Amino acid sequence: MSVPPSPTPGSAPGSAPDPAPSPRTPDATRRSDRSRRAILDAALALVGEVGYNKLTIEAIAARAGVGKQTIYRWWSSKAAVLLDASLALAGEAGEQAQWAGFPDTGDLAADLKHVLRATVDEFNDERYEAPARALTAAGATDPALGARFTEQLLEPQLALYEARLRTAREAGQLAPDADLRLTVELLLGPLTYRWLLRTAPLTHAFADALVDSVLGGVGPGARSGS
């Protein structure tokens, strides 16, 4: 003899059982997010394996397990895919490092050295090096991509440097007429040059020397040449 099913909570004995729940419809948004993530991961992996010149939309689609048209629905070119992949990678790096903004310990030199050393580590990390080099090269020949690269990836980072230098200038740690953007470019220009052209090893010692040299020229006792 079979045992009758227990009534569902809230239903009266003998009443008809609640209808079975209808099958859940696929979550299109979640599926799209998974596809986008797979595409971005594929682009980063492939540019490190084959280089930018041999990177193709077809290869990215095959690695990500999506159709080529899926990529073209969201991006116009492989460079655009790589830019979004790099933006995502930069965001993840900040989260992993628990980035809470540019440090302000009151010691400007120490704060700049801390951030420039982290930049050296990132430039020397193969996960970042290949896409960063590819975007730099692509942006040099594609003005629209270069502008987006500067606006979305570079400018937010440069603004953090400027904000920290502004605080230092207000505290009397820099010359009153110190040009903040010029100072940022004096710090980052040689670092980027050495990394991009491989003129010499990119080291923490080099980053520290840059900070000391630049601050020596824009410190409280420095005078503008204008």
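All figures in this text were calculated on a predicted structure; none of them were measured in a lab.

### Some points on the pattern of salt bridges
Next up, step 1: Per the stated rule, a full pass over the model turns up 14 salt bridges.
Next up, step 2: We note a salt bridge from Glu 129 to Arg 133, for which the minimum N-O separation is 3.1 Å. Taken as a pair, Glu 129 and Arg 133 lie in helix H6 (residues 126–141) at a separation of four residues, close to a single helical turn.
Next up, step 3: Bridged by salt links that share partners, the residues Glu 155, Glu 162, Arg 166 and Arg 181 form one connected network.

### Observations regarding the nonpolar core
Next up, step 1: Ranked by size, the top nonpolar core spans 29 residues in total, and within it Ile 39, Ile 60, Val 66, Ile 71, Trp 75, Val 81 and Leu 82 carry the most contacts.
Next up, step 2: Ignoring anything within four residues of it in the chain, the contact list for Leu 82 reads Ala 43, Leu 44, Val 47, Tyr 52, Pro 131, Ala 134 and Leu 135.
Next up, step 3: Counting residues in each nonpolar core, the second largest holds 28 residues, with Leu 158, Tyr 161, Leu 165 and Leu 188 among its members.

### Concerning a nonpolar patch on the surface
Next up, step 1: Taken together, the side chains of Tyr 193, Leu 196 and Leu 197 define a hydrophobic patch exposed on the protein surface, amounting to about 300 Å² of accessible area.
Next up, step 2: Along the polypeptide, Tyr 193 turns up in helix H8 (residues 180–197).

### Brief notes about the packing of aromatic side chains
Between two aromatic rings, the relevant description is the distance of the centres plus the angle of the planes.
Next up, step 1: This structure, assessed with the given rule, holds three aromatic pairs.
Next up, step 2: A centroid spacing of 5.8 Å and a plane angle of 80 degrees characterise the contact between Trp 74 and Trp 75, whose relative ring orientation is edge-to-face.
Next up, step 3: Assessed through its relative accessible area of 4%, Trp 75 is described here as buried.
Next up, step 4: Between Phe 123 and Trp 195 the ring centres are 4.4 Å apart and the planes differ by 10 degrees, which places this aromatic pair in the stacked class. One end of the pair, Phe 123, is in helix H5 (residues 108–123); the other, Trp 195, is in helix H8, with 72 residues separating them in the sequence.
Next up, step 5: Exposure remark for Trp 195: the relative accessible area of 6% places this residue in the buried category.
Next up, step 6: Above the ring of Tyr 52, the side-chain terminus of Lys 78 is found at 4.3 Å from the ring centroid.

Criteria and cut-off values
- Residues numbered from 1 in each chain as written.
- Predicted model: local features only at pLDDT ≥ 70, side-chain atom pairs only at ≥ 80, totals over all residues.
- Heavy atoms only, no water.
- Salt bridge = Lys/Arg side-chain N within 4 Å of Asp/Glu carboxyl O.
- Helix = DSSP H or I, 4+ residues; strand = E, 2+ residues; numbered from the N terminus.
- Core = buried A, V, L, I, M, F, W, Y, C linked by side-chain atoms within 4.5 Å.
- Buried < 20%, exposed > 50% of the residue type's maximum accessible area, 1.4 Å probe, protein only.
- Contact = heavy atoms within 4.5 Å.
- Patch = residues over 30% accessible without salt bridge, like charges linked within 9 Å, V, L, I, M, F, W, Y side chains within 5 Å.
- Areas by Shrake-Rupley, 256 points an atom, 1.4 Å probe, with all protein chains shown as cover.
- Phe/Tyr/Trp six-rings, centres within 6.5 Å; stacked < 30°, edge-to-face > 60°.
- Lys NZ or Arg CZ within 6 Å of the ring centre and 35° of its normal.

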